Amino acid sequence: TSFLKNEIIHYPLPHQAMLESIPAFVNGGETDDASLALKGHWHTTFHTRIIQHNLRVASMYYRQIHTSRLATLLSLTTPETEQHLSNMVSSGALYAKIDRPKDIVRFAKKRCEEEVLSDWAADIKELLGLVDETTYLIQKENMVQSH
């Protein structure tokens, strides 16, 4: 259920050993080279999926973050973090820009002035609608109280 929550998942998981003892991970308990390769594949794939989940969660909560801080949150090195981030951006799973000289990752797209103004206008329109409705309710209450 950890993957369903928008929270960082720490790796290794508390029940990691139990998960990796499942027959699907170890190919029935055999110890030949193919079985060990399969176990290594599942271990690597599982770790990669946790990192990808954590990057998606970080992109939800941060507009920009220092790469070193992101690496600390993910329990990775900075080069590993950049590599996983680059892979997700290349595959289109995530939007991010890395500014290496400033050590910053930006998850939010820059918006043009028209988008900002139209969003602002929509917010103002919504606010004015709430003010109008509130004024109406106050006047209605005053009329009821006066009779």
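Heads up: the structure comes first, above all this text.
So, here's what we can say about the structure. Bear in mind that the values here come from a model prediction, so they are computed numbers and not experimental data.

### What to know about the sheet that holds strand β1 (residues 64-66)
Pairing in this open sheet of three strands is antiparallel, and the strands run β1-β3-β2 from one edge to the other. Here the strands that pair on one side only, and so sit at the sheet edges, are β1 and β2 (97-99). Between one strand axis and the next, the sheet turns through 20° on average, direction left out of account. Pairing of β2 with strand β3 (residues 104-106), which is carried by three bridges, proceeds in the antiparallel orientation. Directly across from Lys97, in β3, lies its bridge partner Arg106.

### Description of the pattern of salt bridges
Using the criterion set out here, one finds three salt bridges in the structure. Two residues, Arg100 and Glu82, come together in a salt bridge whose shortest N-O distance is 2.6 Å. Taken as a pair, Arg100 in the loop between β2 and β3 and Glu82 in helix α5 (residues 78-91) lie far apart in primary sequence, 18 residues in all. Taking relative accessible area as the criterion, Glu82 reaches 12% and is therefore assigned buried. Arg111 is paired through a salt bridge with Asp119; the nearest N and O atoms lie 2.4 Å apart. Here Asp119 falls in the partly exposed class, since its relative accessible area comes to 34%.

### Focus: the packing of helix α4 (residues 67-74) against α5
Here α4 crosses α5 at 90°, and the two axes come no closer than 9 Å. In terms of axis orientation, α4 runs roughly perpendicular to α5. In this structure, α4 contributes Thr67, Ser68, Leu70, Ala71 and Leu74 to the contact, and α5 contributes Thr78, Thr81, Glu82 and Leu85.

### Observations regarding a nonpolar patch on the surface
The grouping of Leu117, Trp120, Ile124, Leu127, Leu128 and Val131 at the surface amounts to a nonpolar patch, some 610 Å² of accessible area in total. Relative to the elements of secondary structure, Leu128 occurs in helix α6 (residues 113-146).

### Quick look at the packing of helix α3 (residues 33-61) against α5
Here α3 crosses α5 at 75°, and the two axes come no closer than 10 Å. By the criterion of interaxial angle, the relationship of α3 to α5 is roughly perpendicular. Residues Thr48, Ile51, Gln52, Leu55 and Arg56 of α3 form the contact with α5, whose participating residues are His84, Leu85 and Met88. When grouped by side-chain class, the residues that make up the contact of α3 with α5 number four nonpolar, three polar and one charged.

Cut-off values and rules
Residues numbered from 1 in each chain as written. Predicted model: local features only at pLDDT ≥ 70, side-chain atom pairs only at ≥ 80, totals over all residues. Heavy atoms only, no water. Pairing = 2+ DSSP bridges. Helix = DSSP H or I, 4+ residues; strand = E, 2+ residues; numbered from the N terminus. Axes fitted to C-alpha atoms, helices over the stretch in contact; angles between N-to-C directions. Salt bridge = Lys/Arg side-chain N within 4 Å of Asp/Glu carboxyl O. Buried < 20%, exposed > 50% of the residue type's maximum accessible area, 1.4 Å probe, protein only. Parallel < 35°, antiparallel > 145°, perpendicular 65-115°, else oblique. Contact = heavy atoms within 4.5 Å. Patch = residues over 30% accessible without salt bridge, like charges linked within 9 Å, V, L, I, M, F, W, Y side chains within 5 Å. Areas by Shrake-Rupley, 256 points an atom, 1.4 Å probe, with all protein chains shown as cover. Nonpolar A, V, L, I, M, F, W, Y, C, P; charged D, E, K, R; others polar.

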